[in-house]
Each structure stands twice: as C-alpha cells, then as structure tokens.
Amino acid sequence: MIGDVGFDPCFLSTRADSVAPYFNNLFAGNAPVDGLTWYREAELMHGRICMIAAVGFIVPGFVTFSGNDWTGVDAYKLTNPLEAAGGAPGLALVQIFAFMGYLEFKRINYITEKGVDYMAGDSQAWGQGDGRWNPFNFDYTPEEYAKKQLQEVKHARLAMVGLLGLIFQANASGVGVVEQWSTALV
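Worth saying up front: this structure is predicted, and the values here are computed from it rather than measured.

Points about the nonpolar core
Part 1 of the reasoning: In this structure, Cys-50, Phe-57, Ala-159, Leu-163, Ala-170 and Val-177 together form the largest nonpolar core, which totals six residues.
Part 2 of the reasoning: Those elements that place two or more of their residues in this core are helix 3 (35–58) and helix 6 (142–173).
Part 3 of the reasoning: Of all the elements, helix 6 adds the most residues to this core, at three residues.
Part 4 of the reasoning: In contact with Ala-170, other than residues within four places in its own chain, are Phe-57, Asn-80, Leu-82, Val-175 and Gln-180.

So this is what it looks like as structure tokens:
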C-alpha cells in the first residue's frame, strides 16, 4: 500500500481482516472490502479531518464572528477552539454531530455499494476516472498520482500528530494558537 514503511508496533495489519466482516455485514452494500483497506480509509479520513481542524485552530486568531444575540452565547468570538466548543449552544453541537454522522454513514454505504475503487485516496474517488468530479481538471500519470497519494498519507499522519499537539497546548495555555505565537515572537 502507498505509505507502508513497515512500522506496525500494534500488529494492526495482521489483525485487519477480523474487522472486515463487521463492516461488510453492518452496511447494506454488496461489495466486500478487506480489513486493511478499511484501516487505510479510516487513516485518510481522520487525517483529512485533522488537516481541516488544524486550520480551524489557527483561523480564529485572525477572524472571528459576532456573538449570537438570540442565545446570549458569545462563543463565536473566542480564539481558543476548546473554549469555543464548550461555549457553543447545545443545539448547534447537536446539529453539527448529526450532520457529520449522516455524512459518515452515507460515505460508508457508498463504499460498500460501489467497492474499493471509491474509497478515500483512490483514483476513482477523486476525478481520475471518466465521468468523475474533477473541478480542477487534474490529469496525472499513474506515477504522478502514486506520488500525490504518498504525499497525502504523509500530510495526514503529520496533521494527526500536529492536531494532538495543538489540542494539548490550547488546553495547557488556555489561549488560542495565534496568541501563543505573538507572545513567543515578542
């Protein structure tokens, strides 16, 4: 697989096939997927979410929204994302998690119906096949595409570790990332 460097201290790759029947039976699709492919899908999706979340830790230091007068909550002006999540209205969080859950189940059902060619990081999933969504008209050779896939795996792994550091630092300091940068540069 792309990005395999032989590092597997928990032996997840050898136990991966024990997970596959769970996913294949849980969802209504007819395209069985092996366990290691499910693990790669999870790694890429978590990595993509962490890339977006890392940006979400930085942006509030530069741009914030006005508070919500209807609820009286001013969580949208907070620059520390951990504080902002705790101060957001409960119904807003319910809406966010419900929408995320809907998208996740829809994505997994799509994979189990269409098969492994439509998983995250695959050429069919991101516009490399005929009739696929490709807004930027990417047309990579197979070698270029393999290089892009490796870059994405590396960036995803780095984002997961980086986000964990951002969360720990925001929790320890109690301020946003940009505020920490400004005091470090003075």
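Continuing now.
So, the pattern of salt bridges
Part 1 of the reasoning: One pass over the structure, following the stated rule, counts five salt bridges.
Part 2 of the reasoning: With a closest N to O distance of 3.1 Å, Arg-40 and Glu-43 form a salt bridge. In this pair, Arg-40 and Glu-43 are both assigned in helix 3, three residues apart and thus about one turn of the helix distant.
Part 3 of the reasoning: For Arg-40, a relative accessible area of 13% translates into the label buried.

Quick look at a nonpolar patch on the surface
Part 1 of the reasoning: Where nonpolar side chains cluster on the molecular surface, the patch consists of Val-55, Val-59, Phe-62, Val-63, Trp-181 and Leu-185 and spans about 660 Å² of accessible area.
Part 2 of the reasoning: Relative to the helices and strands, Val-59 resides in the loop between helix 3 and helix 4 (81–87).
Part 3 of the reasoning: You can call Val-59 partly exposed: its relative accessible area is 41%.

Focus on the packing of helix 3 against helix 5 (residues 90–114)
Part 1 of the reasoning: One can describe the packing of helix 3 onto helix 5 by two numbers: an axis separation of 13 Å at closest approach and a directional angle of 145 degrees. When you trace helix 3 past helix 5, the crossing you get is right-handed. Residues Trp-38, Glu-41 and Met-45 of helix 3 lie in contact with helix 5, whose contacting residues are Arg-107, Ile-108, Ile-111 and Thr-112.
Part 2 of the reasoning: Tallied by class, the residues present in the contact of helix 3 with helix 5 amount to four nonpolar, one polar and two charged.

Parameters at a glance
Residue indices begin from 1 for each chain and proceed along its sequence in written order. Confidence filtering applies because this is a predicted model: local features only for residues at pLDDT of at least 70, side-chain atom pairs given and counted only at 80 or more, and all residues used for totals across whole chains, interfaces and linings. Calculated side-chain values reflect all of the structure's heavy atoms, with hydrogen atoms and water omitted. The term nonpolar core refers to a set of buried residues drawn from Ala, Val, Leu, Ile, Met, Phe, Trp, Tyr and Cys, joined through side-chain atoms within 4.5 Å. Type-normalised accessible area, obtained with a 1.4 Å probe on protein chains alone, sets the label of each residue: buried when under 20%, exposed when over 50%, and partly exposed for intermediate values. Put simply, DSSP marks the helices as runs of H or I at least four residues long and the strands as runs of E at least two long, and each gets a number from the N terminus on. Any two residues whose heavy atoms approach within 4.5 Å are treated as being in contact. What counts as a salt bridge is simple: a side-chain nitrogen of Lys or Arg found within 4 Å of a carboxyl oxygen of Asp or Glu. Each patch is built from residues lacking any salt bridge and having more than 30% relative accessible area; the joining distance is 9 Å for like charges and 5 Å for nonpolar side chains (Val, Leu, Ile, Met, Phe, Trp, Tyr). Exposure was quantified through the Shrake-Rupley algorithm and a 1.4 Å probe, taking into account, for residues, occlusion by the shown protein chains and nothing else. Axes here refer to lines fitted to C-alpha atoms; in helices the fit is confined to the stretch in contact. Angles between the N-to-C directions go from 0 to 180 degrees. Each crossing gets its hand from how the near helix is turned against the far one by less than a right angle, where anticlockwise is left-handed and clockwise is right-handed. Following the grouping adopted for this structure description, the nonpolar residues are Ala, Val, Leu, Ile, Met, Phe, Trp, Tyr, Cys and Pro, the charged ones are Asp, Glu, Lys and Arg, and the polar ones are all others, Gly among them.

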